[in-house]
Amino acid sequence: MGLLATPPNASPWMKRYSYFLKFEGSVFLGIFFVAYLLKLGVAWHDAGAPFDVTGIKFSAYWNMILIIYTTLGFYIFSASFDPAGFKPLLSWAMWGGNFGHGCVAFIHCFTDDVTPSSRYQFNTIGGTMNLDKLLVAVPLWFGMWAANLLFTKKVFGSFLLPWDRASLSAGAPPPAKQADVAYPEEAVMSV
């Protein structure tokens with residue numbers, strides 16, 4: 001099985017979703033390096049000068065966040081080979097990792113005080129210092145969430161809502177289309 005393999009006998013939408021998951025997983029796999037090399041748009045603390053690997057300033061909380069997303073990238077990439085078998089993980093990644101993180105990051109862009117991370121930031125509409133996050137991190141989180149919404153609805157017939165346990169089971173079939181449902185009176189008439 002190669003790195004670009006998709007689930008066997010996959011529908012066109014499942015193949016597209018598989019490729020998207022490979023992309024999303026790769027983005028998260030590389031976030032540790034981006035956070036400590038680029039810094040602009042992703043670092044929430046003073047991590048050192050952008051593009052400078054000799055003066056990196058590490059942070060325990062930041063490293064914990066980065067390792068969670070780096071390992072999430074590995075698991076999402078693994079899920080790309082069998083998305084139906086990883087629905088709970090994909091649900092968490094979509095709703096908690098992307099949507100939830102996007103909401104927190106968006107609010108933070110307008111409520112953060114001037115902090116040591118201000119060296120990477122510029123004024124926003126609210127006068128705070130997070131324009132780089134507003135233009136890089138927030139679109140990343142909400143963009144990934146929206147793409148996952150599209151694909152899960154097309155592939156599984158569901159948005160994989162965290163409280164919808166039936167849609168999160170690996171063997172849950174997609175919901176029947178209106179034309180596929182046999183109504184009792186039609187079943188009797190066809191006998």
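Right above here is the structure, for reference.
Quick notes on the rules
- Residues numbered from 1 in each chain as written.
- Predicted model: local features only at pLDDT ≥ 70, side-chain atom pairs only at ≥ 80, totals over all residues.
- Heavy atoms only, no water.
- Axes fitted to C-alpha atoms, helices over the stretch in contact; angles between N-to-C directions.
- Helix = DSSP H or I, 4+ residues; strand = E, 2+ residues; numbered from the N terminus.
- Parallel < 35°, antiparallel > 145°, perpendicular 65-115°, else oblique.
- Left-handed = near helix turned anticlockwise from the far one by under 90°.
- Contact = heavy atoms within 4.5 Å.
- Nonpolar A, V, L, I, M, F, W, Y, C, P; charged D, E, K, R; others polar.
- Phe/Tyr/Trp six-rings, centres within 6.5 Å; stacked < 30°, edge-to-face > 60°.
- Buried < 20%, exposed > 50% of the residue type's maximum accessible area, 1.4 Å probe, protein only.
- Core = buried A, V, L, I, M, F, W, Y, C linked by side-chain atoms within 4.5 Å.
- Patch = residues over 30% accessible without salt bridge, like charges linked within 9 Å, V, L, I, M, F, W, Y side chains within 5 Å.
- Areas by Shrake-Rupley, 256 points an atom, 1.4 Å probe, with all protein chains shown as cover.
- Salt bridge = Lys/Arg side-chain N within 4 Å of Asp/Glu carboxyl O.
- Expected span 1.5 Å × (residues − 1).
- Polar contact = N/O pair within 3.5 Å; in protein donor to acceptor, adjacent residues only side chain to side chain.

Engineer: What am I meant to see in the packing of helix H1 (residues 12-29) against helix H3 (residues 60-79) here?
Structural biologist: When two helices pack together, their arrangement is given by the angle between the helix axes and the distance between those axes. Two elements in contact, H1 and H3, have axes separated by 7 Å at closest approach and are oriented at 160 degrees. Taken together, the axis directions place H1 and H3 in an arrangement best described as roughly antiparallel. Considering how the two elements wind past one another, H1 and H3 form a crossing that is left-handed. The segment H1 lies against H3, with Leu21, Lys22, Glu24, Gly25, Ser26, Phe28 and Leu29 engaging Tyr69, Thr70, Leu72, Gly73, Phe74, Ile76, Phe77 and Ala79. Residue classes in the contact of H1 with H3 are distributed as nine nonpolar, four polar and two charged.

Engineer: Which parts of the structure should I look at to understand the packing of aromatic side chains?
Structural biologist: Enumeration over the complete set of coordinates arrives at 16 aromatic pairs. Judged by centre distance (6.1 Å) and plane angle (65 degrees), the rings of Phe99 and Phe142 are edge-to-face. You can see Phe99 sitting in helix H4 (residues 87-111) and its partner Phe142 sitting in helix H6 (residues 137-156), a full 43 residues away along the chain. Classification of Phe99 as partly exposed rests on a relative accessible area of 28%. Judged by its relative accessible area of 24%, Phe142 is partly exposed. An aromatic cluster of three or more residues is present, and its members are Trp13, Tyr17, Phe20, Phe23, Phe151 and Phe156.

Engineer: Which parts of the structure should I look at to understand the nonpolar core?
Structural biologist: One broad rule of soluble globular proteins: the nonpolar side chains tend to lie buried together. Counting residues in hydrophobic clusters, the biggest one holds 37 residues, and the most contacted among them are Tyr17, Phe20 and Trp141. Where this core is concerned, the elements lending two or more residues are H1, helix H2 (31-37), H3, H4 and H6. At 10 residues, the largest contribution of residues to this core is made by H6.

Engineer: Honestly, a nonpolar patch on the surface in this entry has me stumped. Any pointers?
Structural biologist: A surface patch of nonpolar side chains, about 360 Å² in accessible area, is lined by Leu3, Leu4 and Tyr19. Within the secondary structure, Tyr19 is located in helix H1.

Engineer: What exactly am I supposed to notice about H6 here?
Structural biologist: The α-helix winds at 3.6 residues per turn, so residues separated by three or four positions along the chain end up facing the same way. The end-to-end C-alpha separation of H6 is 28 Å, in line with the 28 Å expected for 20 residues at 1.5 Å each. All of the buried residues in H6 are Ala137, Val138, Trp141, Met144, Trp145, Ala147, Asn148, Leu149, Phe151, Thr152, Val155 and Phe156. On the buried face of H6, the contacting elements are H1, H2, H3, H4 and helix H5 (131-135). Positive phi appears at Gly157, one or two residues downstream of H6, with a value of about 70 degrees.

Engineer: Just checking my understanding: could you explain the side chain of Thr152 for this structure?
Structural biologist: Among the secondary structure elements, Thr152 is positioned in helix H6. The contact partners of Thr152, leaving out residues within four places of it in the chain, are Tyr17, Met94, Gly157, Ser158, Phe159 and Leu160.

Engineer: I keep staring at unusual backbone geometry and nothing clicks. Help me out?
Structural biologist: Peptide bonds are, in most cases, trans, and in most cases residues other than glycine have a negative phi. Positive phi outside glycine occurs at Asn9, with the angle close to 55 degrees. Counting through the fold element by element, Asn9 comes out in the segment before H1. Not every positive phi belongs to a glycine, and Leu160 is a case in point at roughly 50 degrees. Looking at the element boundaries, Leu160 is found in the loop between H6 and helix H7 (165-168). Note on Leu160: relative accessible area 0%, which makes it buried.

Engineer: Can you walk me through the environment of Trp95 in this structure?
Structural biologist: Here Trp95 lies in helix H4. Each C-alpha atom, one on Trp95 and one on Asn148, is 9.3 Å from the other, the two residues being 53 residues apart in sequence. Here Trp95 is in contact with Gly100, Trp145, Leu149, Phe159, Leu160, Leu161 and Pro162, once residues within four sequence places are set aside. A polar side-chain atom of Trp95 sits 3.3 Å from the main-chain carbonyl oxygen of Leu160.

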